Amino acid sequence: MKFSIKRLRDGLSKTKDNLVGRIKSAVSLHAKIDDELLEELEEILIKSDVGIGATERVIEELKERVKSEKEKDSARVVDLLKNEISAILRSDNHRESFFDINLNPYVVLVVGVNGTGKTTSIGKLAHTFKQNGKSVVIAACDTFRAAAIEQLEIWANRVGCDFVRSTPGADSASVAFDAVQAAKSRGIDVVIIDTAGRLHTKVNLMEELKKIKRVVTKAEPEAPHEILLAIDATTGQNGVQQVKVFDEALGLTGLILTKLDGTAKGGIVIAIADELKVPVRFVGLGEKIEDLDEFSPGDFVEELFG
Ligand SMILES: Nc1nc2c(ncn2[C@@H]2O[C@H](COP(=O)(O)OP(=O)(O)OP(=O)(O)O)[C@@H](O)[C@H]2O)c(=O)[nH]1
Ligand SMILES: [Mg+2]
């Protein structure tokens, strides 16, 4: 699957200005790597949501280089930072392509707190699967709002894929079960399940999601094959916290980091790779159907520093 580098470039432009642009201007004001420059760099990294742990590591590594290699000249700082950030992102166990699957049906459950971009990302994912020659059914398991079902149906029509729904207020797990059954009987390749971000009843969201997961496994023993959490890049460390909570409850296989185009703090990608075991699989780069990229650490670093 080929993704558009231009889209990634455009989507990262705010982060690039805020992070790499500011690093370059700080470096240009200091001929030597001294404490003052290191402090400025630290502040820039923190303010771009790189996270305290990753920032400290990067700065320590820079100090080591200065000591051991007698690297005093600030001209190499940008390259050194790029290498350190690459090293953190490479620890992210990214697979070649999400879309190279040959299991039928392949079941993807998408979860996340309200407004993070689950439904939009599902539309984009369904579109990409279709582009890869896979047939798709999407399941409206956010049954708690009529508008949620309609919003997903609009995406299904736009994509041109199958759609399984029930009436508002219906049991969400049984919608998921029906969708997996429908995929099996119609020979559909991929099932993508949309879920609620907030319930309008006293039911606990995590319990509801666990029930969907259990019922899906009942319909297809190996499923769900993927449980993706949508987190909003503009919410920074809050998103990191959400990963911990959802991973504990459900066992996540990956993240969709949405709205990267809308933030100057895309350094959150680095904090996630540093602090969490769950890899970023996709980044959302806009509101349109094609505005989704399969995350590649290499492309990310190149576009940021390029
Ligand atoms: N700029 C930008 N906007 C996005 C992106 N992804 C989603 N959005 C917008 O974010 C808003 C919320 O998206 P939804 O897909 O409805 O989020 P949700 O998680 O399904 O929300 P609930 O169903 O209410 O829990 C919408 O206005 C989307 O257009 C993205 O990658 N970039
Ligand atoms: Mg939704």
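Here is a short report on the structure shown in this document. Throughout, a residue's number is its position along its own chain's written sequence, starting from 1. Chains and ligands are labelled sequentially in the order written, the chains with letters from A and the ligands with numbers from 1. Per-residue local features are limited, in this predicted model, to residues with pLDDT of at least 70; the limit for side-chain atom pairs, both in listing and counting, is 80 or more; totals at the level of whole chains, interfaces and linings are taken over all residues.

What follows deals with the packing of helix α8 (residues 172-186) against helix α9 (residues 205-219). α9 packs onto α8 with a crossing angle of 25° between their chain directions and a minimal axis gap of 8 Å. In this view, α8 runs roughly parallel relative to α9, as classed from their interaxial angle. The two elements α8 and α9 cross, and the hand of that crossing is right-handed. Residue-level inspection shows S172, A173, A176, F177, V180 and Q181 of α8 in contact with α9, the latter providing E208, K211, I212, V215, V216, K218 and A219. Side-chain classes follow a simple rule in which Ala, Val, Leu, Ile, Met, Phe, Trp, Tyr, Cys and Pro form the nonpolar group, Asp, Glu, Lys and Arg form the charged group, and the remainder, Gly included, forms the polar group. Broken down by class, the residue content of the contact of α8 with α9 amounts to eight nonpolar, two polar and three charged. Whenever a helix is involved, its axis is fitted only over the stretch in contact; in every case the axis is a line through C-alpha atoms, and angles between N-to-C directions fall within 0 to 180 degrees. What counts as a helix is a DSSP run of H or I of at least four residues, what counts as a strand is a run of E of at least two, and both are numbered from the N terminus. Oblique is the label for any angle not under 35 degrees, not over 145, and not in the 65 to 115 range, which are roughly parallel, roughly antiparallel and roughly perpendicular in turn. A crossing counts as left-handed when the near helix is turned anticlockwise from the far one by less than a right angle, and as right-handed when that turn is clockwise. Any residue pair is listed as a contact if its two C-beta atoms, each placed from the backbone, are within 7 Å.

The next point concerns the nonpolar core. Formed by 91 residues in total, the largest nonpolar core has its most connected members in V137, I138, A139, A176, V191, I192 and I193. Looking at this core, the element that brings in the most residues is α8, giving seven residues. When near neighbours in sequence (up to four residues on either side) are disregarded, A176 contacts A139, C141, I193, I212, V215 and V216. For our purposes the nonpolar core covers buried Ala, Val, Leu, Ile, Met, Phe, Trp, Tyr and Cys residues that link as a set through C-beta atoms within 7 Å. Counts of 20 or more other C-beta atoms within 10 Å of a residue's own C-beta define buried residues, counts of 12 or fewer define exposed ones, and intermediate counts define partly exposed ones; C-beta atoms are placed from the backbone.

Let us now look at the environment of S135. Along the chain, S135 turns up in the loop between α6 (118-131) and β2 (136-140). By the C-beta count within 10 Å, which is 16 here, S135 ends up partly exposed. Among all residues touching S135, those that are not within four sequence positions of it are I188 and D189.

Another point: the environment of V283. Relative to the helices and strands, V283 is located in strand β7 (residues 280-284). Note on V283: 28 C-beta atoms within 10 Å, which makes it buried. As for V283 and L8, which are separated by 275 residues in sequence, their C-alpha atoms are 8.9 Å apart. Excluding its chain neighbours within four sequence positions, the residues that come into contact with V283 are L257, L260, D293 and F295.

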